[in-house]
Amino acid sequence: MDVYIKEEQIATKNLVPTVKVYGEKLITEKEIVEGGNEEKIEYRIWNPHRSKLAAALLNGLSKAKIEDNYKILYLGASTGTTVSHISDIVKKGLVYAVEFSPVSMRKLTRLSENRTNIAPILSDATKPKQYLNLVEKVDFIYCDVAQPNQSELFMNNIDFFLKKDGQSIIMIKSRSIDVNQKPQKIFKQEEKKLKEHGFQIIEKVKLEPYEKDHICFLVEKSF
Ligand SMILES: C[S@@+](CC[C@H](N)C(=O)[O-])C[C@H]1O[C@@H](n2cnc3c(N)ncnc32)[C@H](O)[C@@H]1O
């Protein structure tokens, strides 16, 4: 995965140089590129307080494989903060970004005007049949909907859209499932659901200190 981690900071190479997405810092570094020439490369600092994927990577998530030509299905795209960094990573690929809020979708659509590898889809991720004709089989599914039924909709989308041998990530926020239960109990319960449906947990990473009571599961499923 094309991300740069240095001294507790994480960044991606800006696919649209000079353009910021959510007020993030841009930095330019001189690098030796193919052929031995020196080139200026612009990076976007990836804020782990704004993006759970950045938090998971800074906290040690290391086995997620996202290549630059991957097709990604992103569930719960919101206004595109994390989507934009994934768009930097899959510069030759495509991010299908599903979001059901029309307000967030307006910003996401604007983002996709500059970033042509983002395909915004206004739809409900609990109803994958609604976008079956728009989304092809993908290499990776990323789910961050913060809903009580998130594991179910995540697994359902995997059954419809994930290629054989693909990986997926789900971000679980315990308070979205049950505010009265201890987070650890919720995490165990969701892990059990995933395993019972034939998923293998490749990595699990908590998101503190960036996000309280959240966990990231990286999973694979043999079909
Ligand atoms: C925690 S936010 C996502 C933040 C985003 N992933 C990021 O890092 O930039 C959850 C988003 O999921 C969306 N959402 C919740 N349930 C959904 C559903 N059933 N279908 C599509 N989007 C949904 C919400 O509208 C919200 O924008």
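Chains are numbered independently. Their residues run from 1 in the order of the written sequence. Only residues with pLDDT of 70 or above have their local features reported here, since the model is predicted, and side-chain atom pairs are shown and tallied only from 80 upward, although totals for entire chains, interfaces and linings are computed over all residues. Hydrogens and water are ignored here; the side-chain numbers use all heavy atoms of the structure.

Under an unreviewed UniProt entry, the name given to the protein chain is Fibrillarin-like rRNA/tRNA 2'-O-methyltransferase, and the source organism is Methanobrevibacter filiformis. UniProt positions are given in the numbering used here, feature names are shortened, and annotations may be inferred rather than shown by experiment. Within the UniProt record for the protein chain, the comment given under Sequence similarities (unreviewed entry) is "Belongs to the methyltransferase superfamily. Fibrillarin family." As stated in UniProt under Subunit (unreviewed entry), the record for the protein chain gives "Interacts with nop5. Component of box C/D small ribonucleoprotein (sRNP) particles that contain rpl7ae, FlpA and nop5, plus a guide RNA."

1. Section: the pattern of salt bridges
Every case where a carboxyl oxygen of Asp or Glu lies within 4 Å of a side-chain nitrogen of Lys or Arg is listed as a salt bridge. All told, the structure shown has 20 salt bridges when counted by the stated rule. Here Asp2 makes a salt bridge to Lys91, at a shortest N to O gap of 3.8 Å. Highlighted residues: Asp2 in the segment before strand S1 (4-6) and Lys91 in the loop between helix H2 (81-89) and strand S6 (94-99), separated in sequence by 89 residues. Across the pair Lys92 and Asp68 runs a salt bridge, and its minimum N-O distance is 3.3 Å. Residue Lys92 is located in the loop between H2 and S6, and its partner Asp68 is located in the loop between helix H1 (52-58) and strand S5 (71-75); the two are separated by 24 residues in the primary sequence. Burial here depends on accessible area, computed with a 1.4 Å probe over protein chains only, as a share of the maximum for the residue type. Under 20% is buried, over 50% is exposed, and the range in between is partly exposed. On the basis of relative accessible area, Lys92 is assigned to the exposed category, the value being 61%. Judged by its relative accessible area of 23%, Asp68 is partly exposed. Helical segments are the DSSP runs of H or I of at least four residues, strand segments are the runs of E of at least two, and each set is numbered from the N terminus.

2. Some remarks on unusual backbone geometry
The omega angle of the peptide bond from Glu208 to Pro209 is 5 degrees, so this bond is cis rather than trans. Mapping Pro209 onto the fold places it in the loop between strand S10 (199-206) and strand S11 (214-221). Within the chain, Glu7 stands out as a residue other than glycine whose phi angle is a positive 45 degrees. Assignment of secondary structure puts Glu7 in the loop between S1 and strand S2 (9-13).

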